[in-house]
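# Report on the structure
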Amino acid sequence: MQFNQIRYFLAACDTLNFTRAAEICEVSQPALTIAVKRLEEELGGALFIRDARQLRLTELGRIMRVHLSKIDETRSNAVEAARRIVDDEIKTIDFGVMCTLSPYALMPALRDWCKSVDGVDVVLHDLWRVGVAEMLSTGAINCAVVSEECPVPERFSSRRLYRERFVLAMADDNPLAKMTDLELADLNGISYVNRARCEFQTEIFSALAEHDISVNIVFSSEVEDWVCRAIGCGMGVAFMGEDTALNAGLSYRPVNNLPIERTINIITAGSADTMPVVQSLSDFLIDYRWGSASGV
């Protein structure tokens, strides 16, 4: 399968006319028709219903249009990323941050770096740990700050920024806030706010089950702000990073028999020679003095 075959097929999907698709692709109509025919042979079935009145997509064609559109988009992103690197036009850093991390630790560091450089725009992308490697590979993001639990291939550069412990966050008037020595058993029967994208969710609920502890999930969200607000107004408690709890104004306590910590890394794709601006940001974050909750 060749990229030009995909491009010709997608143009034919958009126009439902081989002649018009050939004009858009700036090739002859026979060349486009042959390329589409070879694509059909490779996929094992017809992509179009051809009749005298109209060109129509088959069921296979409709399905392949979705998949091949994604391939074409990835190709376009890769070509554009390569062009920007070769032409030294990188004035924008697409900066990915895993959605379970607190912005309060990172924002002062990003602010200080932006003050030290001229003409660079940092565009923040909210990430879930699945798919980070693909986004780095295609150039959708230039670097990412993620938990160590995020699966990243060895071909990428991964460097540690800081470590952070997990704590039980709660409203100030929650009875647990008055306790200085918390155990998992103290959580039995409590109202719980579920952080739906927590990377330690399996470990947390497995530990609760192992100790025969049952919690009552009253609210669940993928958005950290909503979770913090639910906890703050007294809906329940949740395990989260200490920096998030601190900066959301929540009370929090470590739980003695659930000592979870996470390492926060910065991941980059490329070398200092090919992406000097990204490398500058990475080096700055490595050397940055992190806050009280995020210890080094």
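Residues numbered from 1 in each chain as written. Predicted model: local features only at pLDDT ≥ 70, side-chain atom pairs only at ≥ 80, totals over all residues. Heavy atoms only, no water.

Between its terminal C-alpha atoms helix α10 (residues 276-287) stretches 16 Å, which fits the 16 Å expected from 12 residues at 1.5 Å a residue. Residues V278, Q279, L281, S282 and L285 constitute the buried set of α10. The arc that holds every buried residue of α10, seen down its axis, measures 160 degrees, which confines them to one face. Where α10 is buried, its residues contact β3 (92-98), α5 (103-116), β5 (143-147), β6 (157-170) and β11 (261-268). (Helix = DSSP H or I, 4+ residues; strand = E, 2+ residues; numbered from the N terminus. Expected span 1.5 Å × (residues − 1). Buried < 20%, exposed > 50% of the residue type's maximum accessible area, 1.4 Å probe, protein only. Arc of directions from axis to C-beta. Contact = heavy atoms within 4.5 Å.)

Moving on, we come to the packing of helix α1 (residues 3-15) against helix α3 (residues 29-43). At a closest axis distance of 9 Å, the pairing of α1 and α3 adopts a crossing angle of 105 degrees. Considering their axes alone, α1 and α3 lie roughly perpendicular with respect to each other. Together, Q5, Y8 and F9 of α1 and L32, A35, V36, R38, L39 and E42 of α3 make up the contact between the two elements. For the contact of α1 with α3, a count of residues per class yields six nonpolar, one polar and two charged. (Axes fitted to C-alpha atoms, helices over the stretch in contact; angles between N-to-C directions. Parallel < 35°, antiparallel > 145°, perpendicular 65-115°, else oblique. Nonpolar A, V, L, I, M, F, W, Y, C, P; charged D, E, K, R; others polar.)

Counting through the fold element by element, L106 comes out in helix α5. By relative accessible area, L106 is classed as buried at 2%. Separated by 39 residues in sequence, L106 and V145 place their C-alpha atoms 9.2 Å apart.

This part covers unusual backbone geometry. A positive phi is found at L16, a non-glycine position, where the angle reads about 50 degrees. Assignment of secondary structure puts L16 in the loop between α1 and α2 (18-25). Overall, L16 belongs to the partly exposed group, its relative accessible area being 31%. Located in the positive-phi region is D212, a residue other than glycine, with phi close to 55 degrees.

Its 13 residues give α1 an end-to-end C-alpha distance of 19 Å, which sits within 8% of 18 Å, the value for a rise of 1.5 Å per residue. Taken together, the buried positions of α1 are Q5, I6, Y8, F9, L10, A11, A12 and C13. Where α1 ends, the next residue or the one after it, L16, has phi of about 50 degrees, a positive value.

The next thing to look at is the packing of aromatic side chains. Evaluation of the coordinates by the stated rule reveals five aromatic pairs. Between F166 and F200, the ring centres sit 5.0 Å apart and the planes meet at 75 degrees, which makes this aromatic pair edge-to-face. You can see F166 sitting in strand β6 and its partner F200 sitting in the loop between β7 (191-195) and α7 (201-210), a full 34 residues away along the chain. Judged by its relative accessible area of 4%, F166 falls in the buried class. Summarising the aromatic geometry, the rings of Y192 and F205 are spaced 5.8 Å apart at their centres and angled 75 degrees between planes, so their arrangement reads as edge-to-face. Within this pair, whereas Y192 is found in strand β7, its partner F205 is found in helix α7, the two being separated by 13 residues in sequence. What makes Y192 buried here is its relative accessible area of 3%. Following the ring pairs from residue to residue traces out a cluster consisting of F9, F18 and F48. (Phe/Tyr/Trp six-rings, centres within 6.5 Å; stacked < 30°, edge-to-face > 60°.)

Below, the discussion takes up a nonpolar patch on the surface. Nonpolar side chains collect at one region of the surface, where M1, F3 and I71 lie side by side and expose about 290 Å² of accessible area between them. Looking at the element boundaries, M1 is found in the segment before α1. Judged by relative accessible area, which is 44%, M1 ranks as partly exposed. (Patch = residues over 30% accessible without salt bridge, like charges linked within 9 Å, V, L, I, M, F, W, Y side chains within 5 Å. Areas by Shrake-Rupley, 256 points an atom, 1.4 Å probe, with all protein chains shown as cover. Salt bridge = Lys/Arg side-chain N within 4 Å of Asp/Glu carboxyl O.)

Glancing now at the side chain of E164. On the secondary structure map, E164 appears in strand β6. Exposure remark for E164: the relative accessible area of 2% places this residue in the buried category. Side-chain polar atoms of E164 contact the backbone nitrogen of D243, separated by 2.8 Å. (Polar contact = N/O pair within 3.5 Å; in protein donor to acceptor, adjacent residues only side chain to side chain.)

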